[in-house]
Amino acid sequence: DLHSFPTRRSSDLTIPKLIDEFRSSFIRHKKIRPALKECSLYIDKGLGGIIARAADSTFIEKNLNTLKYRFDNVWFNIFVVLLLNFKENGGELIDQLYRLNRTMTRYNNVEKKKNNRLIWYEVFAVCASVFSIPAIFLLNSIILGSEQGLLIDAKTNIIISQIIGFSVLSLVIIRILRRM
């Protein structure tokens, strides 16, 4: 059944392995169908089963095209387009797969760095909000000279609420950026 797909998170991790395994199998067999069957044995069971069923069918081009439209992964779609293009026109598939894998690795490394940077931005936003409110209380008590007027001062309350608001807004923006 080509309708059961693995989760996006698990498939993101198996696509590079799928391409590597397919490239190795294709070097041995020089044909798409046997290479797909062999590489499906060495990857994630969910995706491997889907690939094996597509390779076993008589209309492999139709099933690969169906997978391309139903599978929500850009790298997998490019992989399928390369296979379909090779099936129709021939050409140098191994070199194209190697370039795709290199590009995918570079992209994934950039994404990891971006996510790590965004995590540090989140930590900074939380620390800024946690440490700035006591600092404002301390400065206000030093300026006013007593601890009775800490929460009575309207300017202090406005500054504290702005810090909390901006911290929450920055956390929301960082979360949105991490999802992109």
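Reference entry: report on the structure contained in this document.

Basis of the calculations
- Residues numbered from 1 in each chain as written.
- Predicted model: local features only at pLDDT ≥ 70, side-chain atom pairs only at ≥ 80, totals over all residues.
- Heavy atoms only, no water.
- Axes fitted to C-alpha atoms, helices over the stretch in contact; angles between N-to-C directions.
- Helix = DSSP H or I, 4+ residues; strand = E, 2+ residues; numbered from the N terminus.
- Parallel < 35°, antiparallel > 145°, perpendicular 65-115°, else oblique.
- Left-handed = near helix turned anticlockwise from the far one by under 90°.
- Contact = heavy atoms within 4.5 Å.
- Nonpolar A, V, L, I, M, F, W, Y, C, P; charged D, E, K, R; others polar.
- Core = buried A, V, L, I, M, F, W, Y, C linked by side-chain atoms within 4.5 Å.
- Buried < 20%, exposed > 50% of the residue type's maximum accessible area, 1.4 Å probe, protein only.
- Arc of directions from axis to C-beta.
- Patch = residues over 30% accessible without salt bridge, like charges linked within 9 Å, V, L, I, M, F, W, Y side chains within 5 Å.
- Areas by Shrake-Rupley, 256 points an atom, 1.4 Å probe, with all protein chains shown as cover.
- Salt bridge = Lys/Arg side-chain N within 4 Å of Asp/Glu carboxyl O.

Thoughts on the packing of helix α2 (residues 32-40) against helix α3 (residues 45-56)
Phase 1: Packing of α2 against α3 leaves a shortest axis separation of 8 Å and a crossing angle of 155°. With respect to their mutual orientation, α2 and α3 come out roughly antiparallel. For the element pair α2 and α3, the recorded crossing hand is left-handed. Together, Arg-33, Leu-36, Lys-37, Cys-39 and Ser-40 of α2 and Gly-48, Ile-51, Ala-52, Ala-55 and Asp-56 of α3 make up the contact between the two elements.
Phase 2: Among the residues making up the contact of α2 with α3, the classes are represented as five nonpolar, two polar and three charged.

Thoughts on the nonpolar core
Phase 1: In terms of nonpolar packing, the biggest core is built from 30 residues, with Ile-15, Leu-18, Phe-22, Leu-36, Ile-51, Phe-76 and Phe-79 touching the most fellow members.
Phase 2: Of all the secondary-structure elements, those providing two or more residues to this core are α1 (8-29), α2, α3, α4 (60-70), α5 (74-89) and α6 (93-144).
Phase 3: By residue number, the principal contributor to this core is α5, which donates seven residues.
Phase 4: Setting aside residues no more than four positions away along its own chain, Phe-79 makes contact with Leu-18, Ile-19, Phe-22, Leu-97 and Leu-100.

Side note on the environment of Arg-53
Phase 1: By the element assignment, Arg-53 lies in helix α3.
Phase 2: Counting along the chain gives ten residues from Arg-53 to Asn-63, while the straight-line C-alpha distance between them is 8.7 Å.

Considering α4
Phase 1: Along α4, the residues that are buried comprise Ile-60, Asn-63, Leu-64, Leu-67 and Lys-68. Projected down its long axis, α4 shows its buried positions confined to an angular sector of 145°, all on one face. Residues of α4 that are exposed and angled more than 90 degrees away from the buried face: Lys-62 and Tyr-69.
Phase 2: Against the buried residues of α4 lie α2, α3 and α5.

A few points about a nonpolar patch on the surface
Phase 1: A surface patch of nonpolar side chains, about 340 Å² in accessible area, is lined by Ile-164, Val-168, Val-172 and Ile-176.
Phase 2: Note that Val-172 resides in helix α7 (residues 154-179).

Points about unusual backbone geometry
Phase 1: Not every positive phi belongs to a glycine, and Lys-30 is a case in point at roughly 65°.
Phase 2: Take Lys-30: its relative accessible area is 54%, and that puts it in the exposed class.

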